[in-house]
Amino acid sequence: MSSSTAVKIVEIAGRGMGVLATRSIRPGQVILQEMPFARVSKNAGSAEVRSHPVASRLMDRVVELAASGAFNPRTDDFLSWPPEVRRCMEGVLEAQAEMEYDRAPPAVQAKWMVLSDVHAA
């Protein structure tokens, strides 16, 4: 991970870890950059999706809904997709994340689990 001197990572009481600015930050300035632990695919035909029974079933439903005209995955914004489609896609991504976690070496799994206590405001 590389970061600039524009921010620091600190413990925020009652909230967990947070990022605070140490100086003014210009719009568009990169302040943190890191490699992802895992990559997942939203491609219905990808090997990752098809190899997981739950992800494959959920993606089949997404394809069925797109074919019915319920939404257009190529032009419609994710937030405008029907709730069922969004739930299916979230399930597909979750299944792939679990697969990536299971394949990861123990050191990467440990880093991943550090993120498990992260919560929304």
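I will try to describe carefully the structure that is included in this document. (Residues numbered from 1 in each chain as written. Predicted model: local features only at pLDDT ≥ 70, side-chain atom pairs only at ≥ 80, totals over all residues. Heavy atoms only, no water.)

If you walk through the whole model with that rule in mind, you get 3 aromatic pairs. On the basis of an interplanar angle of 55 degrees and a centroid distance of 5.0 Å, the ring pair of Phe 71 and Trp 81 is categorised as tilted. Taken together, the residues span a long stretch of sequence, with Phe 71 in the loop between helix H2 (53-67) and helix H3 (83-103) and Trp 81 in the loop between H2 and H3 at a distance of 10 residues. Judged by its relative accessible area of 5%, Phe 71 is buried. The exposure class of Trp 81 is buried, given its relative accessible area of 9%. On the basis of an interplanar angle of 90 degrees and a centroid distance of 5.4 Å, the ring pair of Tyr 101 and Trp 112 is categorised as edge-to-face. Here Trp 112 lies in helix H4 (residues 106-114) and Tyr 101 lies in helix H3, a separation of 11 residues in the sequence. An aromatic cluster is present here, built from Phe 71, Phe 78 and Trp 81 joined pairwise through their rings. (Phe/Tyr/Trp six-rings, centres within 6.5 Å; stacked < 30°, edge-to-face > 60°. Helix = DSSP H or I, 4+ residues; strand = E, 2+ residues; numbered from the N terminus. Buried < 20%, exposed > 50% of the residue type's maximum accessible area, 1.4 Å probe, protein only.)

A few words on the environment of Lys 8. Here Lys 8 shows up in strand E2 (residues 7-12). By relative accessible area, which is 45% here, Lys 8 ends up partly exposed. It is 10.0 Å that separates the C-alpha atoms of Lys 8 and Leu 32, two residues lying 24 residues apart in sequence. When residues no more than four places from it in sequence are discounted, the contact partners of Lys 8 are Gly 18, Val 19, Leu 20 and Thr 22. (Contact = heavy atoms within 4.5 Å.)

So far we have only geometry, and geometry alone does not tell us how the molecule works.
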